[in-house]
Amino acid sequence: MNNTTVMEDAFSFLEKAYPELKRSPENLNERKLEVQLEIERTGTYEHTFKELQHGARMAWRNSNKCIGRLFWNTLSVVDKRSETTEEEITNSLLEHIRTATNNGRIRPTITVFQPNKVRIWNHQLIRYAGYETADGIVGDPASIEFTKEANKLGWTGDGTPYDVLPIIFQIDNNEPTVISIPPELVLQVDLRHPEYDITPLNARWYAVPIISDMQLEIGGIHYGAAPFNGWYMGTEIGARNLADETRYNLLPHLAEIMNIGTSQNASLWKDRALIELNRAVLYSFQEDNVSIVDHHTAARQFHKFEDNEARAERKVTGNWTWLIPPISPATTHIFHKPYKNKIVSPNYFYQDKPY
Ligand code: ARG
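No experiment lies behind these values; they were computed from the predicted model shown. In this numbering scheme, every chain counts its residues from 1 along its sequence in written order. Since the coordinates come from a predicted model, pLDDT governs what is reported: local features require at least 70, and pairs of side-chain atoms require 80 or more to be given and counted, while whole-chain, interface and lining totals use all residues. For the side-chain quantities, the full set of heavy atoms in the structure was used; hydrogens and water were omitted.

A. Layout of the overall build of the protein chain. Here a helix means four or more residues in a row that DSSP labels H or I, a strand means two or more in a row labelled E, and each is numbered from the N terminus. For the protein chain, the helix and strand inventory stands at 10 helices and 16 strands. This radius of gyration counts C-alpha atoms alone. The globule rule is 2.2 Å times how many residues there are, raised to the power 0.38. Against the compact-globule benchmark of 20 Å for 355 residues, the protein chain has a radius of gyration of 22 Å, which places it among compact chains. For the protein chain, the C-alpha atoms occupy an extent of roughly 70 × 50 × 30 Å along the three principal directions. By definition in these notes, contact holds between two residues if any of their heavy atoms fall within 4.5 Å. Taking the intrachain contacts of the protein chain between residues at least 6 apart in sequence as the baseline, contacts between residues at least 24 apart amount to 68%. About 17400 Å² of surface is accessible on the protein chain, with carbon and sulfur atoms providing 49% of the total. Charge counting follows a simple rule: Lys and Arg are positive, Asp and Glu are negative, and His as well as the terminal groups are ignored. The atom standing in for a charge is NZ when the residue is Lys, CZ when it is Arg, CG when it is Asp and CD when it is Glu. A distance of 7 Å separates the average location of the 37 positive side-chain charges in the protein chain from that of its 46 negative side-chain charges. Here the Shrake-Rupley method, with its probe set to 1.4 Å, supplies the accessible areas, and only the displayed protein chains count as covering residues.

Quick look at the structure:
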């Protein structure tokens, strides 16, 4: 990217962010001049902590796929831009897991590393391995490729359906570092159901989804390693991760436990099993005091976010296909209105896989 593009992006970020931060017009102009000189001298510029903090929060606010955006302004932003060593980065990643988990009272958190320094290979810091075996796939089919990479780098799992993968990251273009997460840091919830005995399902899920493969873009600066998390909405686990045919595919097994036949589509056995699986997810997380939100509450919160944004005279952009929950979508207001899927900066973007 050339200097003019960075400068334009930097200016348009500062012009949005500074008024939101109640900075004076003089302050904005001073900062623009400073950034301009820095870009002319070095080709890039560094955000102040306040800019990074607010930029990361704006990026959440602009995340069209996210129904949880009401809480954008509470994101806890951890600045690790000064870190360069394997040991520092390892500690920061583990610290992210510890403080975001917070014994179940999950704190939305992002840890930001220096641009063009670190790449995290994992899709999420905590995720289950997937193995192709002679008797079919064991674990999470979505992790098969990554699990193979981990194996190549010398990691071996136990071969259970819920092996927590190691974290793999790379500094500059050096050999990747592979670290096992101390098990006591990985909070997990064993699923049970208020009425059915679902122990034969052997289903569980981890508490905190920490996306670690997206890049955070603020004012023309691309942070390629900036793992972030919120808490789960129940359907992500109960209607997708554990239910999709291409993931854990637990619905037929649950239907068997519920003693409902699976031969007639019109019996709605899939829908009935799906609802009970989602009840189990919400029930178990709540009983273990692990933060989670059901999709009806999340939709109400999103409605409040839309109201707040209207009051702040900002437009809400959204990706309808992602915002509607995968169960009972038409029971939420989101289903009944259109959203403009326009990409606004700052934001979180997909990036190419490093492996
Ligand atoms: N859908 C992903 C998963 O099931 C997590 C995406 C982020 N979700 C969140 N609630 N912040 O693992």
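B. Looking closely at the side chain of asparagine 62. Position of asparagine 62 among the secondary structure elements: in the loop between α3 (49-61) and β1 (76-80). Here's how the labels work: a residue is buried when its accessible area is under 20% of the maximum for its type, exposed when over 50%, partly exposed in between, all with a 1.4 Å probe on protein chains only. According to the relative accessible area criterion, asparagine 62 is buried, its value standing at 9%. With residues near it in sequence (within four places) discarded, asparagine 62 still touches Arg69, Thr317, Val344, Ser345, Pro346 and Asn347.

C. Highlighting the sheet that holds strand β2 (residues 109-113). Pairing is mixed across the open sheet formed by four strands, whose spatial order is β1-β2-β13-β10. The sheet is open, and its two edges are formed by β1 and β10 (210-211), each paired on a single side. As paired strands, β2 and strand β13 (residues 228-229) are joined by two bridges and run antiparallel to one another. Across the sheet, the residue bridging to threonine 109 is asparagine 229, located in β13. On top of the sheet, α3 reaches β1 and β2; it is set at about 135 degrees to β1, its chief contact. Strand pairing is assigned whenever DSSP detects at least two bridges linking the two strands. An axis is simply a line fitted to the C-alpha atoms; with a helix, the fit covers only the stretch in contact. Between two such axes, the angle follows the N-to-C directions and lies from 0 to 180 degrees.

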